[in-house]
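# Report on the structure
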Amino acid sequence: MANIKSAKKRILVSNKRYEKNKAIRSQVKTAMKKVHAAVDAGDKQAANAALTSAISTIDKACTKGVYHKNNAARKVSHLTKAVNTL
């Protein structure tokens, strides 16, 4: 355990940011699963709706610094490609 006050604060802040980032990553994964489920079911309308929602979620995660912009772009590209195959 840290003894210096600033080090103790860094531990607290780091844990708080870790939990926040973990929740955001979980939301992105859930949104992506919804798109893949709609694609697997063959429901084009639901897939497009889920894709729009997923892109929004991924972009928010990117602007908050949870994902690098290239990583976010790659995720969006893969989802869009999956939906366009329908």
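What you are looking at is a predicted structure, and each value in this text was computed from that prediction instead of being measured.

### Some details on helix H1 (residues 5–41)
Residues spaced three or four apart along an α-helix point in a common direction, a consequence of the helix completing one turn every 3.6 residues. When the terminal C-alpha atoms of H1 are compared, their 54 Å separation across 37 residues agrees well with the 54 Å that a helix rising 1.5 Å per residue should span. Taken together, the buried positions of H1 are Ile 24, Val 28, Ala 31, Met 32, Val 35, Ala 38 and Val 39. Each element contacted by the buried residues of H1 is listed here: helix H2 (44–63) and helix H3 (69–84). Where H1 ends, the next residue or the one after it, Gly 42, has phi of about 80 degrees, a positive value.

### Some remarks on the environment of Asp 40
On the secondary structure map, Asp 40 appears in helix H1. Overall, the relative accessible area of 68% leaves Asp 40 in the exposed class. A C-alpha to C-alpha distance of 9.5 Å links Asp 40 and Ala 82, two positions 42 residues apart in sequence.

### Here we look at the nonpolar core
Counting 20 residues, the largest nonpolar core has Val 28, Val 35, Val 39, Ile 58, Ala 61, Leu 79 and Val 83 as the members making the most contacts within it. Examining the composition of this core, we find that 7 residues originate from one element, H1, more than from any other.

### Overview of H2
In this model, H2 (20 residues) spans 28 Å end to end at C-alpha, consistent with the 28 Å of a helix rising 1.5 Å per residue. Considered for burial, the residues of H2 that qualify are Ala 47, Ala 50, Leu 51, Ala 54, Thr 57, Ile 58 and Ala 61. Take H2 and look down its axis: the buried residues cluster within an arc of 135 degrees, on one side only. The outward face of H2, more than 90 degrees from its buried face, is lined by the exposed residues Gln 45, Thr 52 and Thr 63. Those residues of H2 hidden inside the fold are in contact with H1 and H3. Looking one or two residues beyond H2, the residue adopting positive phi is Gly 65, at roughly 85 degrees.

What counts and what doesn't
Residues numbered from 1 in each chain as written. Predicted model: local features only at pLDDT ≥ 70, side-chain atom pairs only at ≥ 80, totals over all residues. Heavy atoms only, no water. Helix = DSSP H or I, 4+ residues; strand = E, 2+ residues; numbered from the N terminus. Expected span 1.5 Å × (residues − 1). Buried < 20%, exposed > 50% of the residue type's maximum accessible area, 1.4 Å probe, protein only. Contact = heavy atoms within 4.5 Å. Core = buried A, V, L, I, M, F, W, Y, C linked by side-chain atoms within 4.5 Å. Arc of directions from axis to C-beta.

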